[in-house]
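# Structure at a glance
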Amino acid sequence: MDPNTGYRAVSPPDGIGDEIYSLAAEIFPICRSITGEGVRETLRRIGRHIALDVHEVPSGTNVFDWTVPREWNIRDACIRDGRGKKIVDFSNSNLHVMSYSTPVSGRFTLAELRKHLHTLPEQPDLVPYRTSYYAENWGFCISHRQLESLADETYEVLVDSTLEDGSLTYAEHFHRGESEDELLLSAHVCHPSLANDNCSGLALLTLLAREIGKRRTRLSYRFLFAPGTIGAITWLAQNERSAGRIKHGLVISCVGDAGGPIYKKSRRGDAAVDSIMAHVLKHSDLPAKVLEFSPYGYDERQYCSPGFNLPVGLFQRSQWGTFPEYHTSGDNLDFISGRHLQQSYEIVAGALDVMDNDVFLNNTVSKCEPQLGKRGLYAAIGGSPEAARSNVTMLWLLNLSDGNHSVLDIADRIGRPFSEVRTMAALLEHHGLLVPASSA
Amino acid sequence: MDPNTGYRAVSPPDGIGDEIYSLAAEIFPICRSITGEGVRETLRRIGRHIALDVHEVPSGTNVFDWTVPREWNIRDACIRDGRGKKIVDFSNSNLHVMSYSTPVSGRFTLAELRKHLHTLPEQPDLVPYRTSYYAENWGFCISHRQLESLADETYEVLVDSTLEDGSLTYAEHFHRGESEDELLLSAHVCHPSLANDNCSGLALLTLLAREIGKRRTRLSYRFLFAPGTIGAITWLAQNERSAGRIKHGLVISCVGDAGGPIYKKSRRGDAAVDSIMAHVLKHSDLPAKVLEFSPYGYDERQYCSPGFNLPVGLFQRSQWGTFPEYHTSGDNLDFISGRHLQQSYEIVAGALDVMDNDVFLNNTVSKCEPQLGKRGLYAAIGGSPEAARSNVTMLWLLNLSDGNHSVLDIADRIGRPFSEVRTMAALLEHHGLLVPASSA
Amino acid sequence: MDPNTGYRAVSPPDGIGDEIYSLAAEIFPICRSITGEGVRETLRRIGRHIALDVHEVPSGTNVFDWTVPREWNIRDACIRDGRGKKIVDFSNSNLHVMSYSTPVSGRFTLAELRKHLHTLPEQPDLVPYRTSYYAENWGFCISHRQLESLADETYEVLVDSTLEDGSLTYAEHFHRGESEDELLLSAHVCHPSLANDNCSGLALLTLLAREIGKRRTRLSYRFLFAPGTIGAITWLAQNERSAGRIKHGLVISCVGDAGGPIYKKSRRGDAAVDSIMAHVLKHSDLPAKVLEFSPYGYDERQYCSPGFNLPVGLFQRSQWGTFPEYHTSGDNLDFISGRHLQQSYEIVAGALDVMDNDVFLNNTVSKCEPQLGKRGLYAAIGGSPEAARSNVTMLWLLNLSDGNHSVLDIADRIGRPFSEVRTMAALLEHHGLLVPASSA
């Protein structure tokens, strides 16, 4: 609006949704778990786009009530039938092997084998995703239809995996802003070939970090790519003292499907991030919902544990556990799209815009209205309906900018988007009618 | 659930509803008023079940703005028609005589007599209940149909009553708990043959007191059987200094009919008893209602007078004054039932369970979640839908037990019954994951 | 109710609505603007009913961010067609001339003239009301139908006006009460021949002030008749230090039509005036609405600017800008009526009654209920439904009069009109059961 004003809303780059989709597709085939080479390979791909600090935390390290587990890696796995034919093959889909399966090589009757086969009887064509991180076991996941077709014969089973002392891997990307106050964006990096959960989140945060890197920001931004639960716990254990710098946080997962979007509030329930996400979703023109906090879901469970109680919420499209593709082979690259990733990017970027630019202002003429006409502020606007709305926005900003209402508060009061009201506030700042509350 | 945990929900004894009904039926015929032998006889019957301290307060004693009235007793009363036939007879129903009727013996024309006859024109078959405690008068209550059938002749009237200096009688049963904090349960003992109002309440409290006597409790329980208004005022006057020990209180009346149930909040409106009754009623599966406080009703009027402002609410089935049988001969033993008395007992007992067992706990692992698996707490639960709910309950208890949320608060937050959540909390206490907040 | 009690609700005088209408009709023809003889003449007419302090503030005086403008006066204005016939004549309606039109005398082609002609194409029979206070210009307002009928010829235009240093005029009427606390009633005096906006408000306040003058009041009442915006700003600039005395305030405009009524809350939103107006409107039996504050409208914009933030709301029938007659020749004497002015008077007078008589009381018997019977307070009431309600009102007053609930609070709690509850409170004061909280 005015070249001299300090605020300009940032638009998403053209085609960012498709770029996110491409990166999600690139990392989709990698076999990730809570430790191991799959995580490292994923981080290498992310590291082609943004600078990463990769941390390795040795097995056996105590992190609060937990211990970093042994590292799991897998080279191959298959089941052969009586004629030696591979009927289940890890190289077709890493979902076929239960994560953290211990090594096995031997022959099993169908009855013996069945104890290690996981299916979804109610979704007979889909392969489930299963893990056994803390109880040593092995297993295969197959479609229920395949299970029902298995002949009563002897099967040869191979799991060529290792479960040994090693380390847990996570990575951070840090963008330094004017302030030490931080904004945390966190995505879990431990799920194997599940496109929405969470290739979508990893790819979105990667390209968002790349775009943030092009700007000067007020807040510092911390992007965290870590295994779910144990990774977040490890990060909190290693950053216990500096966690208080986090002023806003979002856990990002399942952001590529057509559902939602939803935002689950932080445990505080009235943190700034909660108001900001409610605001951005309200103005998104999508059938968005804001949900109350609950202590189950993703890593907000840890960030919002009562000893930390950080202002961190969860952003998703479809809520975890509520869509039929959740934790199955149905969560593949057809389930997500560039269009929906683009929408998710815009919502998250819109929230960051508020976090970085919301401000408490003070009017410099507080007794009676300032005379807008003599400053050309009516003329600057004209006579259209949009102009009338701008005029009303100006009057609201001048009336409520008393140090007690932020620009976001005022935007919410009058039901207009933050960027529109922040732009008008910048114009009034330019004319000397508003000044930052701290300098008043 | 676990033999070592400290909490076990108490179930109502088999057939308690029928037992309550029997006692209500036993005391139903007695002619009670705010003073006199009827009250004493009722307390003797109650005293066969529980220990009672019976107090006699002399007529003329000043109690706040009131004075204990003279004692009223009645031996007989009747109206005879011109042929000497008894057409109204106290020995058929004590409702026929207005309570506190002064002695009379004489002959009256119908016109004279009518000034002393009370009927219900809109319920012509029912006999009303009337009193004249503080204005000396005499009267009879009959059905409107009988009134209309009276011939225009001379009637012979007898009221063989006494109104003399004596005393007001009330009784207490006290169950000592670990704490001096008290729970007050109060029922009025002044109504004659009205089954719901309040033979039902007297009988329920009597047998509840008997059951409480079998347990060790945290709170001390005070059961008060006193005449309405003047009895409660007298008790408050005699216990003015110790009234502050009352942490929760319930006035109990009309608890045997099929209506409601309803709970009328204390004057405070946000007292623990108000939350607790709302919780218990919500989980009762009955069409219960919670009403705001109002300064009319039963003895909560006195307990909630502003100079005391005690946390005392009113529990009823049908609300006083709203059912057609109220204060009529329709409120007889057919109007109440063992089934509904049982439901009322369960609600009151459920509320006492919360009052006695709600607690603020602190988690011992507050930074990130504790690892439940290594403690077998997932295993302890299994894989059913109920198990999933138990798991969620555990996570909520761990997340919110920060000294600021009681177990009831958490139960209300997640919409589960107190006893279920308290049982789970006891299990977590047993595993050292929760400890009482005061010892943290 | 009782001759000795201190409160008596005041009824509106008979025919006050018609009296207000007559005064509005008397001042309707005067050509008012934000300065000039029209304002002075209007104040002279008002001054025949009540004592006025008239203030003249010289052009050029600085008032906060504004400057008092030059004074505008007009003697005549007209447009003549090619044959010399007056086709637009100021003497027919002062709406025909844009307020603050600069002098002009000359001949114009239709094309030139059209730039100075204002019409309402969507309301083709009505003449608009237009002003140009701060941009020097001249203009005429005519019906759109007339504009379309104008021949393409040369027109002779005369505006015989002056725009010169002079003064801005406003007037106050002050009624001294027991307290220095003030109640502000403000109406704008700057609009020309618009009956509702604001001859109605000026006339209503004038006759209300006359009636107030007949009474002893607790509060002092200040009636302000000033030009909109610049007049209110000027008054605030000249009374900056004493503005804090204003405990309640109402801006009054458009109070003669059949719409609403509406009350727009003060910026505080929870000021006493906001509760009081909500109360009075609720009990008015009219389809009233209470609107949230917004920083546009009438002079509440200035009173509620953040540097003052006075407890001043806006009372209207139809809200400004929402009725088709607004700021047109349709806002004439047919648009308002004595009946609706009477209703508006009753609402404003009812609000003043609450402001002047609401009080915090303390009960003198706070422990248990007082015995009403021995004081004849039940007898004083009888047995009708109205009596039962009075009894309930008594119990509520006694229960809640603990110094924390005003009589209005109690009236709102039980949903009864203030005057009824205040009358009952006065009776209880008379019996010594309630006393002013400050003396308790």
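Residues numbered from 1 in each chain as written. Chains lettered and ligands numbered in written order. Predicted model: local features only at pLDDT ≥ 70, side-chain atom pairs only at ≥ 80, totals over all residues. Heavy atoms only, no water.

At the junction of the two partners, chain C supplies 19 residues and chain A supplies 20 residues. Interface area for chain C against chain A, summed over the two sides, is near 1700 Å², with a carbon-plus-sulfur share of 51%. Broken down residue by residue, the surface that chain C buries against chain A is led by Asp-65, Arg-267 and Pro-295 of chain C, which jointly contribute 33%. Put simply, chain C and chain A have five salt bridges between them. A salt bridge links Asp-65 of chain C to Lys-374 of chain A, with the shortest nitrogen-to-oxygen separation between them at 3.5 Å. Here chain C is connected to chain A by 12 residue pairs in polar contact (both at pLDDT 80 or more). Looking at the side of chain C that touches chain A, the elements with two or more residues in it are α6 (230-238) and α8 (300-303) of chain C. Partitioning the side of chain C that touches chain A into residue classes produces 11 nonpolar, four polar and four charged. (Contact = heavy atoms within 4.5 Å. Buried area = accessible area lost by both parts, 1.4 Å probe. Salt bridge = Lys/Arg side-chain N within 4 Å of Asp/Glu carboxyl O. Polar contact = N/O pair within 3.5 Å; in protein donor to acceptor, adjacent residues only side chain to side chain. Helix = DSSP H or I, 4+ residues; strand = E, 2+ residues; numbered from the N terminus. Nonpolar A, V, L, I, M, F, W, Y, C, P; charged D, E, K, R; others polar.)

For the rest of this paragraph, the subject is the nonpolar core. In this structure, Leu-185 and Leu-208 of chain B are the most contacted members of the largest nonpolar core, which totals 79 residues. Setting aside its immediate chain neighbours within four residues, Leu-208 of chain B contacts Leu-185, Phe-223, Tyr-345, Val-348, Ala-349 and Leu-352 of chain B. (Core = buried A, V, L, I, M, F, W, Y, C linked by side-chain atoms within 4.5 Å. Buried < 20%, exposed > 50% of the residue type's maximum accessible area, 1.4 Å probe, protein only.)

The two copies are related by a screw motion: chain C maps onto chain A through a turn of 120° and a shift of 0.1 Å along the axis, at an RMSD of 0.1 Å. The relationship between the two copies is best expressed as a three-fold rotation axis. Minimal C-alpha separation from the rotation axis in chain C is found for Asp-270 of chain C, amounting to 13 Å. (Least-squares fit on C-alpha atoms with pLDDT ≥ 70 in both.)

The next thing to look at is the interface of chain A and chain B. On the side of chain B, 20 residues touch chain A, which itself brings 19 residues to the contact. Taking both partners together, chain A and chain B bury about 1700 Å²; carbon and sulfur atoms supply 51% of that area. Seen at the junction of chain A and chain B, the total is five salt bridges. Viewed at the interface, chain B and chain A are joined by 12 residue pairs in polar contact (both at pLDDT 80 or more). If you list the elements that add at least two residues to the side of chain A that touches chain B, you get α6 (230-238) and α8 (300-303) of chain A.

Okay, the sheet that holds strand β1 (residues 53-58) of chain A next. Residues and elements named next belong to chain A. Taken together, the eight strands give an open sheet; going across it, the order is β1-β10-β12-β11-β13-β16-β14-β15, and neighbouring strands pair in mixed fashion. Looking at the sheet topology across the chains shown, the edges are occupied by β1 and β15 (289-291). Along the sheet, successive strands turn relative to each other by an average axial angle of 20°, direction set aside. Note that strand β14 (residues 262-264) and β15 share three bridges and pair parallel. Its bridge partner lying in β15, Lys-264 is registered against Leu-291. Its contacts with the sheet put helix α7 (residues 272-282) on β13 (246-252), β14, β15 and β16 (312-316), and the angle it makes with β13 is roughly 50°. (Pairing = 2+ DSSP bridges. Axes fitted to C-alpha atoms, helices over the stretch in contact; angles between N-to-C directions.)

Residues and elements named next belong to chain C. By the criterion of burial, strand β13 (residues 246-252) is predominantly enclosed, with six of the seven residues buried. With five bridges joining them, strand β11 (residues 182-188) and β13 adopt parallel strand pairing. The residue of β13 that forms the bridge with Leu-184 is Gly-249. Here four bridges tie β13 to strand β16 (residues 312-316), and the two strands are oriented parallel to one another. Its bridge partner being in β16, Gly-249 is matched across the sheet by Val-312.

Once that is clear, we can look at the side chain of Ser-186 of chain C. Along the chain, Ser-186 of chain C falls in strand β11. Setting aside residues no more than four positions away along its own chain, Ser-186 of chain C makes contact with Leu-205, Leu-224, Leu-250, Val-251, Ile-252 and Tyr-303 of chain C.

Applying the stated rule across the entire model yields 39 aromatic pairs over all chains. Ring centres 5.6 Å apart and planes at 80° place the aromatic pair Phe-323 of chain A and Tyr-326 of chain A in the edge-to-face group. Ring centres 6.3 Å apart and planes at 80° place the aromatic pair Trp-138 of chain B and Phe-140 of chain B in the edge-to-face group. Among the aromatic residues, ring-to-ring pairing joins Trp-66, Trp-72, Tyr-100, Tyr-133 and Tyr-134 of chain A into one connected group. Positioned above the aromatic ring of Phe-308 of chain C is the side chain of Lys-367 of chain A, whose terminal nitrogen or guanidinium carbon lies 5.3 Å from the ring centre. (Phe/Tyr/Trp six-rings, centres within 6.5 Å; stacked < 30°, edge-to-face > 60°. Lys NZ or Arg CZ within 6 Å of the ring centre and 35° of its normal.)

These figures come from the coordinates and say nothing about function on their own.
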